[in-house]
Amino acid sequence: MTGRRLRGGVEDVQRCSSPVPGPRDTAPDPGAGLSGSLAGVVSGARRRAVRDGDEQIDTAHLLHSLLQEDPHCREVLRPHLARLLGLLVQRSIGYGLRWQGTVEDSGSLPALGHAGWSPPASLAMDRARERAATSAGSAGPRPVDLLAALAADPDCRAVALLREAGGDPEPLLAALDEGEPGRRDGDEDVRSLDVSDLRARHVEP
């Protein structure tokens, strides 16, 4: 179903899962060796996976953490931010329950990789590193590189959520290629997003 727009709303997110056991450790941890803000994003995604009772970090965990931790990613997704967060905070109480016990499988690669990561999430980290390597002056992958990598997989859970929120990955990729909005070099004083109101509204445990 690559490139096909999801239909039927939330129900179509089931297509991003495969009821097969999680893979064994056959590759290095995709989050190893990261520094700076992306290391914080991965740590946040890992905490969310544990909190949600998932054995693996998937692309939805990564998207949630990007929105929580990085102002650049929030800015480029601002038109859909409220709806995206509303969906993401419901993961452990309804929206994402269908994902529990399954491996995220967008069909882009077989279910192999590091045991703590879904295959599409692992691939997204690899693509983020590749994108950063082609950026002049980049010392390593950044959150925006990971967001672009997520948007490049049309059938992953993160893109299913984006579409459910009314967004489209193609304009997102174009916006990221044009340049990062918001913060400039040296501007580090940006608070992380407070989603306590959304969590209370959806009675998240």
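Preceding this section is the structure that the text describes.
Computed from a prediction, not measured in an experiment: that's the story for all the values here.

K.L.:
Give me the lowdown on the nonpolar core, citing residues and values where you can.
P.N.:
A general trend in soluble globular proteins is that nonpolar side chains are found buried together. Ranked by size, the top nonpolar core spans 41 residues in total, and within it Leu63, Leu77, Leu146 and Leu147 carry the most contacts. Put simply, the parts of the chain that give this core at least two residues each are α1 (36–51), α2 (59–69), α3 (71–76), α4 (81–88), α5 (119–133), α6 (143–151), α7 (157–164) and α8 (169–178). Ranked by residue count, the leading element in this core is α6, at seven residues. Setting aside chain neighbours within four positions, we find Leu147 in contact with Leu63, Leu66, Cys73, Val76, Leu77, Leu172 and Leu176.

K.L.:
So, the environment of Glu55: which residues are in play, and what are the values?
P.N.:
Relative to the helices and strands, Glu55 resides in the loop between α1 and α2. Along the sequence, Glu55 and Thr102 sit 47 residues apart, while their C-alpha atoms lie 9.1 Å from each other. If we skip the residues at most four places from it in the chain, Glu55 touches Ala115 and Gly116.

K.L.:
An account of α6 is needed here, citing residue identities and associated values.
P.N.:
Within α6, nine of the nine residues are buried, which leaves it mostly tucked inside the rest of the structure. Turning to α6, its buried residues are Pro143, Val144, Asp145, Leu146, Leu147, Ala148, Ala149, Leu150 and Ala151. Here the buried face of α6 lies against α1, α2, α3, α5, α7 and α8.

K.L.:
Break down the side chain of Glu104 for me, with residues and values.
P.N.:
Looking at where Glu104 falls in the secondary structure, it is placed in strand β2 (residues 103–104). Of the polar contacts made by the side chain of Glu104, one reaches the side chain of Thr59; its length is 2.5 Å. Only 2.8 Å separates the side chain of Glu104 from the backbone nitrogen of Arg157, close enough to count as a polar contact.

K.L.:
Go over the packing of α2 against α7 with me, naming the residues and quoting the values.
P.N.:
Two numbers describe how α2 lies on α7: the axes approach to 7 Å, and their chain directions differ by 60°. Looking at the two axes, α2 sits oblique to α7. Contacts between α2 and α7 involve Thr59, Ala60 and Leu63 from the first element and Arg157, Ala158 and Leu161 from the second.

K.L.:
Could you give an account of the pattern of salt bridges, naming the residues involved and the relevant values?
P.N.:
Here the structure, examined in full by the defined rule, presents seven salt bridges. The shortest N-O distance in the salt bridge between Asp29 and Arg46 comes to 3.8 Å. Here Arg46 lies in helix α1 and Asp29 lies in the loop between β1 (17–18) and α1, a separation of 17 residues in the sequence. Given a relative accessible area of 25%, Asp29 falls into the partly exposed group. The shortest N-O distance in the salt bridge between Glu75 and Arg78 comes to 3.0 Å.

K.L.:
Provide a residue-level description of the packing of α1 against α2, including the pertinent values.
P.N.:
Between α1 and α2, the shortest axis-to-axis distance is 8 Å and the interhelical angle comes to 125°. Taken together, the axes of α1 and α2 lie oblique to each other. The interaxial crossing formed by α1 with α2 has right-handed handedness. Counted together, Gly40, Val41, Gly44, Ala45, Arg47, Arg48, Ala49 and Arg51 of α1 and His61, Leu62, His64, Ser65, Leu66, Gln68 and Glu69 of α2 form the full contact between these two elements. Classifying every residue of the contact of α1 with α2 by side-chain character gives five nonpolar, six polar and four charged.

About the thresholds
Residues numbered from 1 in each chain as written. Predicted model: local features only at pLDDT ≥ 70, side-chain atom pairs only at ≥ 80, totals over all residues. Heavy atoms only, no water. Core = buried A, V, L, I, M, F, W, Y, C linked by side-chain atoms within 4.5 Å. Buried < 20%, exposed > 50% of the residue type's maximum accessible area, 1.4 Å probe, protein only. Helix = DSSP H or I, 4+ residues; strand = E, 2+ residues; numbered from the N terminus. Contact = heavy atoms within 4.5 Å. Polar contact = N/O pair within 3.5 Å; in protein donor to acceptor, adjacent residues only side chain to side chain. Axes fitted to C-alpha atoms, helices over the stretch in contact; angles between N-to-C directions. Parallel < 35°, antiparallel > 145°, perpendicular 65-115°, else oblique. Salt bridge = Lys/Arg side-chain N within 4 Å of Asp/Glu carboxyl O. Left-handed = near helix turned anticlockwise from the far one by under 90°. Nonpolar A, V, L, I, M, F, W, Y, C, P; charged D, E, K, R; others polar.

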